[in-house]
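Overview (structure and organization)
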Amino acid sequence: MATTNFKGQPVKISGEFIKVGALAPDFSLTKTDLSALSLSELKGKNVILNIFPSLDTSVCATSVRQFNKLASSLPDTVVLAISKDLPFAHGRFCSTEGITNVVALSDFRPSDFADNYGLLMTDGPLYGLLARAVVVLDKDGKVVYTELVPEITQEPDYEKALSAVLGK
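Fair warning: this is a prediction, and the values are worked out from it, not measured in the lab.

Let's talk about a nonpolar patch on the surface
A surface patch of nonpolar side chains, about 360 Å² in accessible area, is lined by L34, L86, F88 and F108. Within the secondary structure, F88 sits in helix α2 (residues 87-97).

What follows is the structure, given as structure tokens:
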């Protein structure tokens, strides 16, 4: 079982955090228009999974804004912003913030995403939400970079994620 921290306090995460070299498990999550998007639909593109607890926190919102900026310069790459926020919250945030280069996805419906990627927080104040992580997939759906951010209140390492997409 993996762990992260929330304001210095350990938080348990269910399952095993996905590893570099693994084939990314398919998933189906909900877009802002309530339609589904499956990872399998993105085959042939690099994919960045920006996973976080909630858009209603400053660090989560900042990560979506930052990945939105980065996405505009990444060829053949799709950036997914994934949380358990309702699709309506994702839609409102993206509209308000002018987020157009990121696909917002909600894991609010029953799915095996959190289990397959090892990201469900099982204790602490944010129990039941997704831990902050970045997973980068190549065009074949293979995991080429992962970061389980060690402190939920910190931003992910954007440069390392960008380097993984660009093959540096």
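Moving on from the model shown.
Remarks on a negative patch on the surface
Residues D26, E41, D112 and D115 make up a contiguous surface patch of negative charge. With respect to the secondary-structure elements, D112 resides in the loop between β7 (102-106) and α3 (113-117). Overall, the relative accessible area of 40% leaves D112 in the partly exposed class.

Let's talk about unusual backbone geometry
For residues other than glycine, phi is negative in most cases, and the peptide bonds are mostly trans. Residues other than glycine seldom take positive phi values, yet L34 does so here, at roughly 75°. Mapping L34 onto the fold places it in the loop between β3 (28-30) and β4 (36-38). Located in the positive-phi region is D76, a residue other than glycine, with phi close to 50°. In this structure D76 comes out as partly exposed when scored by relative accessible area, which is 42%.

Considering the nonpolar core
By size, the foremost hydrophobic cluster in this structure holds 33 residues, and its most contacted members are F27, L49, L80, I82, F113, Y117 and L119. Mapped by element, the contributors of at least two residues to this core are β1 (2-6), β2 (9-13), β5 (46-51), β6 (77-83), α3, β8 (133-137) and β9 (143-148). Excluding anything up to four places from it in sequence, L119 contacts I13, S14, F17, I51, F113, A114, L129, L130, A131, A133 and L148. In terms of nonpolar packing, the next biggest core, distinct from the first, is built from 24 residues, L55, A61, L74 and V136 among them.

Quick notes on the pairing of β9
As defined by bridge partners, β8 adjoins β9 across five bridges and the pair is classed as antiparallel. Within β9, the residue paired with A133 across the bridge is L148. Adjacent in sequence and paired antiparallel, β8 and β9 are bridged by five residues, among which G141 carries a positive phi angle near 85°.

Section: the pairing of β1
Residue alternation in β1 divides its side chains into a buried set, A2, T4 and F6, and an unburied set, T3 and N5. Pairing of β1 with β2, which is carried by five bridges, proceeds in the antiparallel orientation. Paired with A2 across the two strands is I13, which belongs to β2. Taken together, β1 and the strand that follows it, β2, pair antiparallel across an intervening segment of two residues, in which K7 is found at a positive phi of about 55°.

Concerning the side chain of H90
Following the sequence through the fold, H90 ends up in helix α2. For H90, a relative accessible area of 1% translates into the label buried.

Focus on the environment of L23
On the secondary structure map, L23 appears in the loop between β2 and β3. Remark: the alpha-carbon pair of L23 and P125, spanning 102 residues in sequence, is separated by 32 Å. Ignoring sequence-local partners within four residues, the contact set of L23 consists of D140, G141 and K142.

Details of the packing of aromatic side chains
Scanning all chains against the criterion turns up four aromatic pairs. With a centroid separation of 5.9 Å and 75° between ring planes, the pair formed by F27 and Y117 is classed as edge-to-face. Of the two residues, F27 is situated in the loop between β2 and β3 and Y117 in helix α3; the sequence distance between them amounts to 90 residues. In this structure, F27 and Y117 share a single accessibility class: buried. Considering the side-chain rings of F67 and Y158, the 5.2 Å spacing of their centres and the 70° angle between planes classify their relative orientation as edge-to-face. Here F67 is found in helix α1 (residues 58-71), whereas its partner Y158 is found in helix α4 (residues 158-166), with 91 residues between them in sequence. What makes Y158 buried here is its relative accessible area of 11%. An aromatic cluster of three or more residues is present, and its members are F27, F113 and Y117.

The rules we used
Residues numbered from 1 in each chain as written. Predicted model: local features only at pLDDT ≥ 70, side-chain atom pairs only at ≥ 80, totals over all residues. Heavy atoms only, no water. Patch = residues over 30% accessible without salt bridge, like charges linked within 9 Å, V, L, I, M, F, W, Y side chains within 5 Å. Areas by Shrake-Rupley, 256 points an atom, 1.4 Å probe, with all protein chains shown as cover. Salt bridge = Lys/Arg side-chain N within 4 Å of Asp/Glu carboxyl O. Helix = DSSP H or I, 4+ residues; strand = E, 2+ residues; numbered from the N terminus. Lys, Arg positive; Asp, Glu negative; His and termini not counted. Charge placed at Lys NZ, Arg CZ, Asp CG, Glu CD. Buried < 20%, exposed > 50% of the residue type's maximum accessible area, 1.4 Å probe, protein only. Core = buried A, V, L, I, M, F, W, Y, C linked by side-chain atoms within 4.5 Å. Contact = heavy atoms within 4.5 Å. Pairing = 2+ DSSP bridges. Phe/Tyr/Trp six-rings, centres within 6.5 Å; stacked < 30°, edge-to-face > 60°.

Taken by themselves, the reported measurements are silent on function.
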